[in-house]
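Geometric and topological summary
As a plain string of letters, each chain reads:
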Amino acid sequence: MGADAAGTTFIILMLPFIAAICAPFLTRHLKHNAAWVLSLAPLAIFVHMLGFSPVVSAGEAVSGGFSWIPTFGVNFSWYIDGLSQTFALLISGIGALIVLYAGGYLKGHEHLGRFFSFILLFMGAMLGLVVADGFMTLFVYWELTSITSFLLIGFDHKREASRRAALQALVVTGGGGLALLAGLLLLWSMTGVTELSALLPLGAEVRAHPLYMVALILVLGGAFSKSAQFPLHFWLPNAMEAPTPVSAYLHSATMVKAGVYLLMRLNPVLGDTLAWETILPLFGGTTLIVGTLLAIRQTDLKLMLAYTTVSSLGLLVMLTGFGSEHAIEAAVLYLVAHSMFKGCLFMVAGAIDHEAGTRDVTKLGGLKAAMPITFAAALAAAISMGGLPPFFGFLAKEEIYYALWAASPWAIAFTVVAIVGNGLMLVIGFALALKPFLGPKVETPKHAHEGPVLLWLGPVVLALAGFLTAILSPLAHRFISSPMASAVAGEETAITISLIPSIGMPLALSIVTVVFGVLVYRGLDRARAGVASLLHAIGWGPDRGFDQFMDALVRLSFSVTRRVQPGRLDVYMKMTFAMVALALLVPMLRYGELPSWPSWPEDTRFHEFAVLLIGLAGLVAVLIAKDRLTAIVSLGIQGFAVALVFMLYAAPDLSFTQFMVETLSVVILALVMTRLRLYPSDHRPWSERIVSGLIAIGCGLGFMLYLIRVTQDALDLRLSEFFTQFSKPIAHGANIVNVILVDFRGTDTLGEIAVVTIAGIAILALLRVRTRRRPRAEATGAGAIAVREEA
Amino acid sequence: MQTLIFRTVAPFLSALMVVFSIFVLLRGHNEPGGGFIGGLIAASALAIYGIACGVTPVRRAIYFHPMNIASFGVMLGGAAGMISIFFGVPFMTGLWVYPNILGVEVALSTVLFFDIGVYFAVVGTITSVALALEERDEI
Amino acid sequence: MEPILAVFVGALFTVAIYLMMSRHTIRILMGVMIFGNAVNLLIFTAGRLTRDVPPIIPAALDVPEIATANPLPQALILTAIVISFSFFAFLLVLGFRAYQELDTDDSREMRLAEPKDDPLPPLGY
């Protein structure tokens, strides 16, 4: 693949982001018609991705990219095989329809531009996710979908339910993302590769690795949270708070499928083990049943769809986990079929809501005459969802029964699960497509009629696609299903199933499913009441659990903050210095770096000791001083002792400076202290003093040992020697210290005098801030408080 | 603090200290001294003057607001560093000229100007703080 | 002589840190001042001690004949002294103003930013 083509692909991958930036401007000028322009971006992506078909259907993969953080071998790269291509086609194809649909649905909304921006950002993230090759690229895009979906779900941010749903989605999927990151890093350290394409052939090595189980659980944590597997399914129905175009997009073809994508992508690596083939079907099967049961209970069109999405995801996970050739083929077919019919049905639900003003299925009826096109699309999608010919869903369901049908108890159990699940989904599908449209006309909040072209174009195209792919199944299989199934299985796979049913077990099972479905449909109201009372009896659910979790989190962090930050300076100081003491002492003790016992210095001089003793006396006096004057004078004494130390050890410059600074410090300290009647004595109880004293002694001891240890090692004098050697020849100065300050390190000194000046400005500013009090004479006692309240 | 003797001696003492501070500043390159020490000496001189005779005479005596002096010092330091730009050498490179003034060869350098900048920055800042604190003492 | 000076440095640190853990701003300030001295002496001692030979090159020579005191720590400390002084002055004035505004020099009573009975943050969404 040439550089030009790689560049084009890169631009294509960035196109949604570019479109997202343009969206608000376009919308300002074109209003809702900006949708027509903006949908060109996903359309271009669709066409570009379709262009890979000859390569991909031949079993090859398109890859490219560039190096991102070369030090860590992290690349921004893509790898487009059958799996990625199908996903990319679904994302961009349905994306284009959704953008158009959003233009109609949110026509006249004040934040339409922002909405387009968000949904295009999400599209870009999702597209990047499915074509990403590098682990890091994958992870970044993965989290990007979480963040953009947060924006989309919380789009109607003035409602609390919206905010809650958005936060919930972010916490669940973002948390799963972290698990995924850990899993990917683990895979990296297990195999040493950072790219999916390089990881795919290493399946045997990974599966034999002792850490396989850990990596598997971490990756599954990411995939299950994203794909809403029970018990993490609760965020998905809540996300229905978002405007319908978001639900139609996120929950048909994209966001929630990301987890399934990940499982399919890693099937050749992690799959084909007992753990994989146990965990996935169990979780998937549970999710399938729970999802359909919860869907039966709902009366809100969108919520019904949301719960069937949960169950469809369960079915997909279950099939992926089975791992047999037919199971994977079935998963692939069902994924494509589901994207089409679910996207269509969501849009239909939105259109009904938009036109009739309600989406409560019990308050709708007889819309057939008013909305014929919508009805037709809904019916087609429902047939596909129910797995009936002549739609793509039928192929998927036939393949599912092929896959599951085997004569082991394990398989029979899951066959029953699949029959129940499919049957109930058929019920929901028809409840959705028939109830609002057939029957006597029910009075709705708005006078219903067919929506504008933007509203019905998407559903119709998707319904047609479901029909055409079924009719032209050999073509669809050749270019879409077979390459994708090959990529998932990790070996050449050809799908042959067509609309012509072969007489056998799968067909029989299909008939059983339909019969079961029809029976339930007739007793839908009773079933709904039954499930509702069952849920009422249980009472607690993961959704409530989320609230409790968040509540506990806030309380916990509050009490931790309270404990760590009590708002008392002395506590902060104690903690800080306790840490300093530990940081100094623990490494020295732990690594045996304590200094050796120092020998008594040879040429000690009496006056040096005298100076140090004077300094110590000053320190002690500061500690125990009872009045201000003693404290200030003692402080001066220790300062002058330090100045004398500098003098004794050949540092005249320092000595002078220290003398001057000590003098000035004492002067300004005296100026303040004499005025404020501050007393320097300690008023703390002895217990606190002892704790502080121990911490202080720990620090002092640490610094002392550290210094002794340092002086026992060799000193690197290279810099000092450089300065000494060149002070005169280069800088024409004999006072080396001064030369360093003003010449060698002049820029540092410039910074330092700037700091000094800024400190001066700050001091003046502090002093000049107008006091809220009147002059001191009046501001004593109760008067001060009164004055403050006035101000 | 405003005893007669102190008040009488303080102006002379301060003047002497300021002159000494300039001496310390200028000899700093070859002997102990330099801008930091010189600045501190001058600042203490002004502080003593302020304690003895009140802040107003000091403010009148130095004419400029001390913070302006400090800012001038930082600017001078920066400008001294930037001269090197015109000679195509990196920022803060020391440049020397030896003009003959009144028959005496005088060594002038950007480094010297930089040190004078340090001096002014230190004098200005510390004087302004000290004076501000003394001023409020008089309320 | 370094180990003996190290003991002195340790004493400076101990007293400075003990003072900084007090409740009264004035004691904290005195602690800060001693702390500056302690750090300066730490750096000074770590650069080794030399008696009587300051880092000044004799007039006739380009390079000193005998080993001088280490000029590098001295240069570091010279600016550190001035900066720690301006820092000290700033803290002093800050404490002074805090006393004027809050009528206390006890850090436990200064609770304008972190009041004692902060309510629980809202639990909704």
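Keep in mind that what you see is a predicted model, and the values were worked out from it rather than measured.

1. A few points about the overall build of chain A
A tally of helices and strands in chain A yields 34 helices and two strands. Taken over the C-alpha trace, chain A has a radius of gyration of 37 Å; the compact-globule value for 791 residues is 28 Å, which it surpasses by more than 25%. The principal-axis extents of the C-alpha atoms in chain A amount to approximately 110 × 65 × 55 Å. Sorting the 791 residues of chain A into buried and exposed places 56% on the buried side. In chain A, the proportion of contacts linking residues at least 24 apart, taken out of those at least 6 apart, comes to 78%. Accessible area for chain A stands at about 32000 Å²; split by element, carbon and sulfur atoms hold 69% of it.

2. Some details on the packing of helix α19 (residues 392–404) of chain A against helix α23 (residues 505–522) of chain A
Residue and element names in this part refer to chain A. Between α19 and α23, whose axes approach to 9 Å, the crossing angle comes to 115°. The hand of the α19/α23 crossing is right-handed. Touching Lys397, Glu398, Tyr401 and Tyr402 of α19 are Pro506, Leu507, Leu509, Ser510 and Thr513, all from α23. Split into classes, the residues belonging to the contact of α19 with α23 amount to five nonpolar, two polar and two charged.

3. Digging into empty space enclosed by the protein
Tallied over the entire structure, the rule returns eight cavities of 30 Å³ or more. Estimates place the volume of the largest cavity at around 60 Å³. Asn738 and Leu741 of chain A, Gly33 and Gly34 of chain B together with Leu78 of chain C are the residues nearest the centre of the largest cavity, which is lined by 13 residues in total. Looking at the lining of the largest cavity, the elements with two or more residues in it are α32 (736–744) of chain A together with α2 (35–53) of chain B. Class assignment for the residues of the lining of the largest cavity results in six nonpolar, five polar and two charged.

4. With respect to the nonpolar core
Within the largest apolar cluster, 197 residues are counted, with the highest numbers of intra-cluster contacts made by Leu120, Leu187, Trp235, Leu236, Tyr249 and Leu270 of chain A. By residue number, the principal contributor to this core is helix α17 (residues 325–356) of chain A, which donates 21 residues. Each of two domains, domain 1 (1–226) and domain 2 (272–522) of chain A, supplies a minimum of three residues to this core. Residues within four places of tryptophan 235 of chain A in sequence aside, it is in contact with Gln168, Ala169, Val172, Thr173, Ser225, Lys226, Ala228, His251, Met255 and Val256 of chain A. Ranked by size, the runner-up nonpolar core spans 117 residues in total, among them Leu585, Leu707 and Leu750 of chain A together with Val24 of chain B.

5. Observations concerning helix α1 (residues 2–20) of chain C
A rise of 1.5 Å per residue sets the reference length of α1 of chain C, with its 19 residues, at 27 Å; its end C-alpha atoms lie 26 Å apart and thus fit the reference within 8%. Counting buried residues in α1 of chain C gives 18 out of 19 residues, a clear majority hidden from the surface.

6. Notes on the environment of serine 311 of chain A
Inspection of the secondary structure assignment puts serine 311 of chain A in helix α16 (residues 301–322). Not counting chain neighbours up to four residues away, the residues in contact with serine 311 of chain A comprise Thr287, Leu288, Gly291, Thr292 and Met425 of chain A.

7. Some remarks on the interface of chain A and chain C
Listed by partner, the interface residues are 117 residues for chain A and 96 residues for chain C. Roughly 9900 Å² of surface becomes buried between chain A and chain C when both sides are summed, with 72% attributable to carbon and sulfur atoms. For the chain A face of the interface with chain C, the top three residues by lost area are Tyr649, Leu707 and Leu766 of chain A, together amounting to 7%. The interface formed by chain A and chain C holds four salt bridges in total. The closest approach of N and O atoms between glutamate 608 of chain A and arginine 51 of chain C, which form a salt bridge, is 2.4 Å. Between chain A and chain C we count 16 residue pairs in polar contact (both at pLDDT 80 or more) in total.

8. Points about unusual backbone geometry
Across the chain, the bulk of peptide bonds are trans and the bulk of non-glycine residues have phi less than zero. In this structure, alanine 228 of chain A takes a positive phi of about 55° despite not being glycine. With respect to the helices and strands, the residue alanine 228 of chain A is situated in the loop between α11 (212–226) and α12 (235–238). Look at aspartate 103 of chain C: it is not a glycine, yet its phi comes out positive at around 60°. By secondary structure assignment, the location of aspartate 103 of chain C is in the segment after α3 (71–102). A relative accessible area of 43% means that aspartate 103 of chain C is categorised as partly exposed.

9. What to know about the confidence of the model for chain A
A residue-level look at chain A finds 95% of positions with pLDDT of 70 or above and a mean pLDDT of 83. Under a pLDDT of 50 for its full length, residues 774–791 of chain A has, in the predicted model, 13 contacts with residues more than four places off or in other chains.

10. Side note on the interface of chain C and chain B
The accessible area lost on association of the parts is a frequent measure of interface size. Each partner contributes to the interface: chain C provides ten residues, whereas chain B provides ten residues. In this assembly, chain C packs against chain B so that about 770 Å² is buried in total across both faces, 87% of it on carbon and sulfur atoms. The largest share of the area that chain C buries against chain B comes from Ile56, Leu78 and Val82 of chain C, three residues that together contribute 46% of it. Here chain C and chain B share zero salt bridges between them. Linking chain C with chain B are zero residue pairs in polar contact (both at pLDDT 80 or more), by the criterion used here.

11. Quick look at the pairing of strand β1 (residues 62–69) of chain A
Residues and elements named next belong to chain A. Direction of pairing for β1 relative to strand β2 (residues 74–80): antiparallel, over a ladder of seven bridges. In the sheet register, valine 62 faces β2, and the bridge partner there is isoleucine 80. Hairpin connection between β1 and β2: a loop of four residues separates the two successive antiparallel strands, and glycine 73 in this loop has a positive phi of roughly 65°.

12. Some remarks on the pattern of salt bridges
Close approach of charged atoms lets side chains of opposite charge pair. Using the criterion set out here, one finds 19 salt bridges over all chains in the structure. Aspartate 52 of chain C is paired through a salt bridge with arginine 605 of chain A; the nearest N and O atoms lie 3.9 Å apart. Here arginine 605 of chain A lies in the loop between α26 (569–590) and α27 (606–624) and aspartate 52 of chain C lies in the loop between α2 (25–46) and α3, a pairing that spans two chains. Residue aspartate 52 of chain C is classed as exposed on the basis of its relative accessible area of 58%. On the accessibility criterion, arginine 605 of chain A (33% relative accessible area) is partly exposed. In this structure, a network of salt bridges that share partners links the residues Arg568, Asp570, Lys574 and Glu688 of chain A together with Arg108 of chain C.

13. So, α3 of chain C
If you check α3 of chain C, its first and last C-alpha atoms are 46 Å apart, about what 32 residues at 1.5 Å a residue would give, namely 46 Å. Phi turns positive one or two residues past the end of α3 of chain C, at aspartate 103 of chain C, with a value near 60°.

14. Focus on the environment of aspartate 627 of chain A
Residues and elements named next belong to chain A. Tracing the sequence through the fold places aspartate 627 in the loop between α27 and α28 (628–648). What makes aspartate 627 partly exposed here is its relative accessible area of 36%. Aspartate 627 sits 54 residues away from methionine 573 along the chain, and the two C-alpha atoms are 25 Å apart.

15. Observations concerning the domain arrangement of chain A
Domain parsing of chain A yields domain 1 (1–226), domain 2 (272–522) and domain 3 (745–791). A separation of 54 Å is found between the C-alpha centroids of domain 1 of chain A and domain 3 of chain A.

16. A word on the packing of aromatic side chains
All names here are of chain A. Scanning the model with the defined rule gives 28 aromatic pairs over all chains in all. For the pair phenylalanine 122 and tyrosine 249, a centre-to-centre distance of 5.8 Å together with 75° between the ring planes defines the contact as edge-to-face. With a gap of 127 residues between them, phenylalanine 122 in helix α6 (residues 112–131) and tyrosine 249 in helix α13 (residues 244–250) connect regions that are remote in the sequence. Among the residues examined, tyrosine 249 registers a relative accessible area of 0% and is labelled buried. Members of the aromatic cluster, each reached through a chain of ring pairs, are Phe10, Phe76, Trp78 and Tyr141. Stacked on the ring of tyrosine 521, the Lys or Arg lysine 435 has its end atom at 5.4 Å from the ring centre. One cation-aromatic arrangement involves arginine 689 over tryptophan 686; the distance from NZ or CZ to the ring centre is 4.5 Å.

17. What to know about the side chain of serine 655 of chain A
Residues and elements named next belong to chain A. Summarising the element assignment, serine 655 is placed in helix α29 (residues 652–676). Serine 655 gets classed as buried once you look at its relative accessible area, which sits at 0%. Serine 655 has contacts with Ala643, Phe646 and Met647, leaving out every residue within four places of it along the chain.

18. Some thoughts on the confidence of the model for chain C
Per-residue confidence for chain C gives a mean pLDDT of 87; residues scoring 70 or more make up 100%. On the interface metric, ipTM, the complex scores 0.92, and its pTM is 0.71.

About the criteria used
- Residues numbered from 1 in each chain as written.
- Chains lettered and ligands numbered in written order.
- Predicted model: local features only at pLDDT ≥ 70, side-chain atom pairs only at ≥ 80, totals over all residues.
- Heavy atoms only, no water.
- Helix = DSSP H or I, 4+ residues; strand = E, 2+ residues; numbered from the N terminus.
- Rg over C-alpha atoms; globule rule 2.2 N^0.38 Å.
- Buried < 20%, exposed > 50% of the residue type's maximum accessible area, 1.4 Å probe, protein only.
- Contact = heavy atoms within 4.5 Å.
- Areas by Shrake-Rupley, 256 points an atom, 1.4 Å probe, with all protein chains shown as cover.
- Axes fitted to C-alpha atoms, helices over the stretch in contact; angles between N-to-C directions.
- Left-handed = near helix turned anticlockwise from the far one by under 90°.
- Nonpolar A, V, L, I, M, F, W, Y, C, P; charged D, E, K, R; others polar.
- 1 Å grid on protein atoms, 1.4 Å probe; cavity = no way out; pocket = protein on both sides within 12 Å on 5 of 7 lines; lining within 4 Å.
- Points joined across faces, edges and corners; volume = space filled by probe spheres on them.
- Core = buried A, V, L, I, M, F, W, Y, C linked by side-chain atoms within 4.5 Å.
- Domains from an automatic or database assignment.
- Expected span 1.5 Å × (residues − 1).
- Buried area = accessible area lost by both parts, 1.4 Å probe.
- Salt bridge = Lys/Arg side-chain N within 4 Å of Asp/Glu carboxyl O.
- Polar contact = N/O pair within 3.5 Å; in protein donor to acceptor, adjacent residues only side chain to side chain.
- pLDDT = per-residue confidence, 0-100.
- Pairing = 2+ DSSP bridges.
- Phe/Tyr/Trp six-rings, centres within 6.5 Å; stacked < 30°, edge-to-face > 60°.
- Lys NZ or Arg CZ within 6 Å of the ring centre and 35° of its normal.

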